[in-house]
Amino acid sequence: MSHYVSNHRLSESNKSFVNQLSIVSIPNSVQEALANKRWKAAMDEEMKSLQKNETWELVDRPAGKKPVGCQWIYTVKYQADGTIERFKARLVAKGYTQTYGIDYTDTFAPVAKINTVRVLLSLAANLDWPLQQFDVKNAFLHGELTEEVYMDPLPGYMPERHN
């Protein structure tokens with residue numbers, strides 16, 4: 001990387017961050033991730049969290065039911081000084097394979113509008129309210145799901161069946 005990019009004008013913390021980027025590689029497959037103990041530990045942590053929160057029940061899929069696929073998303077979390085905080089793996093459903101009116105009838109994603117965030121920050125600054133920042137490892141929405149949703153197990157990483 002040093003043949004293509006000069007970092008002589010960067011601060012020491014930014015140099016550290018840029019150097020970390022060239023050292024750490026994001027896996028391109030489950031097999032590649034499972035071969036690295038840090039990525040495997042991140043995957044294990046995600047699976048334990050999903051099982052602890054009873055996100056799913058491992059069952060046989062009935063005939064005629066269309067499954068939703070899933071995939072792993074890998075990211076590296078960095079601290080402010082550029083050092084690695086942790087390796088993060090998330091198992092996500094491929095919801096884009098579903099058909100409106102057949103697999104689902106509506107969607108809901110609670111997202112704060114930027115104007116709302118700006119108003120809250122302005123109030124906090126003007127009224128001397130304390131602010132805190134949190135990094136939530138796992139967030140689960142507790143909504144009632146009326147549809148039956150089946151997800152394909154991910155090849156190469158299968159949770160144990162608990163009967």
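Residues numbered from 1 in each chain as written. Predicted model: local features only at pLDDT ≥ 70, side-chain atom pairs only at ≥ 80, totals over all residues. Heavy atoms only, no water.

**Things to note about the packing of aromatic side chains**
A ring pair, where both rings are aromatic, is described by two values, the distance of the centres and the angle of the planes. Cut-off, in case you're wondering: Only Phe, Tyr and Trp rings take part, Trp by its six-membered ring, and two of them pair if their centres are within 6.5 Å. Stacked means planes under 30 degrees apart, edge-to-face means over 60, and tilted covers everything else. Helix and strand definitions follow DSSP, with helices as H or I runs of at least four residues and strands as E runs of at least two, each counted in order from the N terminus. Each residue is assigned to one of three classes by its accessible area relative to the maximum for its type, calculated with a 1.4 Å probe on protein chains only: buried under 20%, partly exposed between the two thresholds, exposed over 50%.
As enumerated under the stated definition, the model contains 3 aromatic pairs in all. With a centroid separation of 5.5 Å and an interplanar angle of 75°, the aromatic rings of Trp 39 and Tyr 74 are classed as edge-to-face. One end of the pair, Trp 39, is in helix α3 (residues 37–52); the other, Tyr 74, is in strand β1 (residues 70–78), with 35 residues separating them in the sequence. The burial state of Trp 39 is the same as that of Tyr 74; both residues are buried. Ring geometry for Trp 72 and Tyr 74: centres 6.4 Å apart, planes at 20°, overall stacked. Among the aromatic residues, those joined into a ring-pair cluster are Trp 39, Trp 72, Tyr 74 and Phe 87.

**What to know about the pairing of strand β2 (residues 84–93)**
Threshold: Between any two strands, at least two bridges found by DSSP are needed for them to pair.
Bridge count between β1 and β2: 9 bridges; the pairing is antiparallel. The residue of β2 that forms the bridge with Tyr 78 is Ile 84. Connecting β1 to the next strand, β2, in antiparallel fashion are 5 residues, including Gly 82 with a positive phi near 95°.

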